[in-house]
Amino acid sequence: MANGRGCIYTCDGAHVPLNELMESNPEHTYLRKQNIPWYPIYHFQESNVCHVTDKSGLYGVFKDKGFRSGDTDRFLWWGLSISDKSKQQKEEFATSPAFQTESIYGNFRFTFPLTELLSAYSKQYCNGTSPILRVLDTRLFKQEILYSVLVHPRYMRHYRTYPRLPVDSEHLCGYREKKMTWCCQSPSNNYEYSQYLDEGGEIYVGPLGKNEYYVWDNVAVVFHMKKDWVLKLGHRRLFDHLSVCEIASHNPLNKTEMSVQEAEAEVLNLKRKFNL
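Description of the structure in this document. Bear in mind that the values here come from a model prediction, so they are computed numbers and not experimental data. (Residues numbered from 1 in each chain as written. Predicted model: local features only at pLDDT ≥ 70, side-chain atom pairs only at ≥ 80, totals over all residues. Heavy atoms only, no water.)

Another aspect to go through is the sheet that holds strand β10 (residues 179–184). The strand order β2-β10-β9 describes an open sheet built from 3 strands, whose pairing is antiparallel. The open sheet has two edge strands, β2 (42–46) and β9 (173–176), and neither has a second partner. Neighbouring strand axes in the sheet, compared pairwise and without regard to direction, differ in orientation by 20° on average. Direction of pairing for β9 relative to β10: antiparallel, over a ladder of 4 bridges. Bridge assignment links Y175 to a residue of β10, and that residue is M180. (Pairing = 2+ DSSP bridges. Helix = DSSP H or I, 4+ residues; strand = E, 2+ residues; numbered from the N terminus. Axes fitted to C-alpha atoms, helices over the stretch in contact; angles between N-to-C directions.)

Turning to a nonpolar patch on the surface, a few remarks are in order. On the surface, a cluster of nonpolar side chains totalling about 320 Å² of accessible area is made up of W38, L197 and I203. Among the secondary structure elements, W38 is positioned in the loop between α1 (18–24) and β2. (Patch = residues over 30% accessible without salt bridge, like charges linked within 9 Å, V, L, I, M, F, W, Y side chains within 5 Å. Areas by Shrake-Rupley, 256 points an atom, 1.4 Å probe, with all protein chains shown as cover. Salt bridge = Lys/Arg side-chain N within 4 Å of Asp/Glu carboxyl O.)

Right, let's get into the nonpolar core. Soluble, globular proteins show a tendency: their nonpolar side chains are buried together. F62, F110, W182 and F223 are the most contacted members of the largest nonpolar core, which totals 68 residues. In terms of residue count, helix α4 (residues 114–125) provides more of this core than any other element does, 6 residues in total. Grouped together as the second largest cluster of nonpolar side chains are 11 residues, W77, L146, Y159 and Y162 included. (Core = buried A, V, L, I, M, F, W, Y, C linked by side-chain atoms within 4.5 Å. Buried < 20%, exposed > 50% of the residue type's maximum accessible area, 1.4 Å probe, protein only.)

In this structure the tally under the stated criterion is 8 salt bridges. Residues K55 and E266 are paired through a salt bridge, measuring 3.2 Å at the closest nitrogen-oxygen approach. With K55 in helix α2 (residues 55–64) and E266 in helix α6 (residues 260–273), the pair connects residues that are 211 residues apart, well separated along the chain. Note on K55: relative accessible area 39%, which makes it partly exposed. A residue is classified by how much of its surface remains accessible, and E266, at 12% relative accessible area, is buried. For R236, the salt bridge goes to D240, with nearest N and O atoms at 3.1 Å. Here R236 pairs with D240, and both are found in helix α5 (residues 235–240), just 4 residues apart, close to one helical turn. Note on R236: relative accessible area 42%, which makes it partly exposed.

Here is the structure:
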């Protein structure tokens, strides 16, 4: 998920807030901008995560009946899935890729409750014990800030220097009451509106004279996976949690684009192939 996009800065074992990233990266194209509009900070509590892939990845997932790590690292990447309910009344500002249905990773989206994935991971690779959630890192790209949360077996000591993920909603990322919490510090990569104060001191929203491009942030949940591990969920669960999406117009990974109709046809072929 985080590969192939030109990471500029990485901080292991910490989720670095936006103001500190601005201080430590004064030459960054977007972080050094001074004319950023006044926008709200949003707090989310979400139950689901998603994994998007292309046609080749789709058939690989169904062949394995589950998910493997990527070719370039030992992690299985999932993005935080923001529900439609959470996005309500935030449309003017929450316009970054974190809130869009389209994706740069492919046309096929698997969306699962994080609790289901944690349970399967526990049974398959943690000897039935609860996995550990930790703060993995902060990654800064040209226009994106990615906060990664690590999941690993309790017996594994390799990550013991990484902090445990907080169990409250006061931090940038946490895990509370079986939900991921996220404090979104920049909900848009292209601001069209700003907040203003009227003469009575009340906040109102109005359009900008011109759009302002800025960094946007999002969250990934990554599972430690050994080379031969497959997080198995079964054909039926995979199919029930599969949907199609469009490729993002900005396509830095050069994914082969399929129309929604073509992607839906592939899903029907998949259904026939595996007798679902």
